[in-house]
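Structural overview for review
Here are the chains, one letter per residue:
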Amino acid sequence: MAVPKRRVSKARRDKRRSNVWKMEAPALVKCPNCGEYKRPHRICQSCGFYKGKEIVKKDA
């Protein structure tokens with residue numbers, strides 16, 4: 001019969017059982033300028049605006 005060589009600590013056991021390690025989808029918000037979805041606190045990739053100001057010139 002297989003017997004563990006060392007006892008697994010409670011911390012190691014609970015870390016393995018927890019769901020913290022699972023990946024989550026990134027949070028998305030609508031750009032107030034163009035309505036495209038973007039990551040929060042980042043420049044909009046489609047229009048180049050951030051906080052109502054044009055940061056990057058986009059040629060659409």
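The structure under discussion appears in the preceding block.
Read on for a plain summary of the structure. In this convention, every chain numbers its residues from 1, walking through the sequence in written order. Selection of residues for local features in this predicted model requires a pLDDT of at least 70, selection of side-chain atom pairs for listing and counting requires 80 or more, and totals for whole chains, interfaces and linings are taken over all residues. Excluding hydrogens and water, the side-chain values take into account all heavy atoms of the structure.

1. Focus on the side chain of Lys38
Only DSSP runs of H or I reaching four residues or more are called helices, and only runs of E reaching two or more are called strands; each is numbered from the N terminus. By secondary structure assignment, the location of Lys38 is in strand S2 (residues 37–38). Residue burial is assigned from relative accessible area. The probe radius is 1.4 Å, only protein chains are included, and a residue is buried under 20% of its type maximum, exposed over 50%, and partly exposed in between. Charged-residue counts in this description rest on Lys and Arg as positive and Asp and Glu as negative, His and the chain ends being excluded. Counted as salt bridges are all cases of a side-chain nitrogen of Lys or Arg within 4 Å of a carboxyl oxygen of Asp or Glu. Of the side chains bearing the opposite charge, Glu36 lies closest to the buried Lys38, which forms no salt bridge; the N-O distance is 12 Å. From its side chain, Lys38 meets the backbone oxygen of Arg42 in a polar contact 3.1 Å long. Polar contact criterion, stated in full: a pair of N or O atoms within 3.5 Å, where within protein one must be able to donate a hydrogen and the other to accept it, and residues adjacent in sequence count only if both atoms are side-chain atoms.

2. Quick look at the state of the cysteines
Here a disulfide denotes a covalent bond joining the sulfur atom of one cysteine to the sulfur atom of another. Disulfide assignment relies on a single distance test, namely cysteine sulfur atoms paired within 2.5 Å. Going through the model one piece at a time under the given rule, you end up with zero disulfides. The thiol of Cys31 is unpaired, and the distance to the nearest cysteine sulfur, on Cys47, comes to 3.7 Å. Residue classification places Cys31 among the buried positions, given a relative accessible area of 5%. Of the cysteine sulfurs around Cys34, a residue in no disulfide, the closest is that of Cys44, at 3.7 Å.

3. Focus on a nonpolar patch on the surface
Patch construction takes residues with relative accessible area above 30% that form no salt bridge. Like charges are linked within 9 Å, and nonpolar side chains (Val, Leu, Ile, Met, Phe, Trp, Tyr) are linked within 5 Å. In these tables, accessible area is a Shrake-Rupley quantity obtained with a 1.4 Å probe, and a residue counts as shielded only by the protein chains included in the view. On the surface, Ile43, Ile55 and Val56 cluster together into a nonpolar patch covering about 210 Å² of accessible area. Assignment of secondary structure puts Ile43 in the loop between S2 and strand S3 (49–50). Owing to a relative accessible area of 32%, Ile43 belongs among the partly exposed residues under this scheme.

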